[in-house]
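One-letter residues, chain by chain:
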Amino acid sequence: MTYEEIFEKSKEHILSQAPEGLEGHLAVQVNIIGEGQGAFYIELLNGKVYVEPYEYYDRDCIFIITAEDFLAICEGTLDPVAAFTKGKLKIDGSIDKALEFSKIVENAKKIAKTSEPKSETKSTAKSEPKTRKK
């Protein structure tokens, strides 16, 4: 996967799950290592989210991570704290701001899950057991 593909996919996930109404400032630079290496930043500023393909020198912290692991965090299949404790995510800078960012990610995932259409899930679940019984 190229850097451009990684950036676009990350930006899409982040902006689609960005919580609304956040006040204050939080800036995280993401340094992708390995395949598709490069840097981009995520900034939360007074209720708006920005994701741009540059290094950001006024950042609170830097995440150093592979593209695969960062995309897994964005998709909700890898917990950021677990990634850190397993050594998949290295943090340079403010650990407090990194934890704040992980809380925002967790809240965004919860909001995304609660806004998913429930009727589709229920109808699928109901039709599967009937098919199996026949």
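Residues numbered from 1 in each chain as written. Predicted model: local features only at pLDDT ≥ 70, side-chain atom pairs only at ≥ 80, totals over all residues. Heavy atoms only, no water.

1. Thoughts on a negative patch on the surface
A surface patch of like charges, here negative, comprises Glu4, Glu5, Glu8, Glu12 and Glu35. Take Glu5: it is sitting in helix 1 (residues 3-17). (Patch = residues over 30% accessible without salt bridge, like charges linked within 9 Å, V, L, I, M, F, W, Y side chains within 5 Å. Areas by Shrake-Rupley, 256 points an atom, 1.4 Å probe, with all protein chains shown as cover. Salt bridge = Lys/Arg side-chain N within 4 Å of Asp/Glu carboxyl O. Lys, Arg positive; Asp, Glu negative; His and termini not counted. Charge placed at Lys NZ, Arg CZ, Asp CG, Glu CD. Helix = DSSP H or I, 4+ residues; strand = E, 2+ residues; numbered from the N terminus.)

2. Thoughts on the packing of aromatic side chains
Both the distance between ring centres and the angle between the ring planes are used here to describe each pair of aromatic rings. Under the definition given, this model contains six aromatic pairs. Between Tyr3 and Phe7, the ring centres sit 6.4 Å apart and the planes meet at 20 degrees, which makes this aromatic pair stacked. Here Tyr3 pairs with Phe7, and both are found in helix 1, just four residues apart, close to one helical turn. Judged by relative accessible area, which is 16%, Tyr3 ranks as buried. Given the relative accessible area of 5%, Phe7 is considered buried. Measuring from ring centre to ring centre gives 5.4 Å for Phe63 and Phe101, while their planes differ by 70 degrees; the resulting arrangement is edge-to-face. Placement of the pair is Phe63 in strand 4 (residues 61-66) and Phe101 in helix 4 (residues 95-114), with a sequence separation of 38 residues. Its relative accessible area of 6% is what places Phe63 among the buried residues. The buried category is assigned to Phe101, whose relative accessible area is 9%. Three or more aromatic residues link up through ring pairs in this structure, and these residues are Tyr3, Phe7, Phe40 and Phe70. (Phe/Tyr/Trp six-rings, centres within 6.5 Å; stacked < 30°, edge-to-face > 60°. Buried < 20%, exposed > 50% of the residue type's maximum accessible area, 1.4 Å probe, protein only.)

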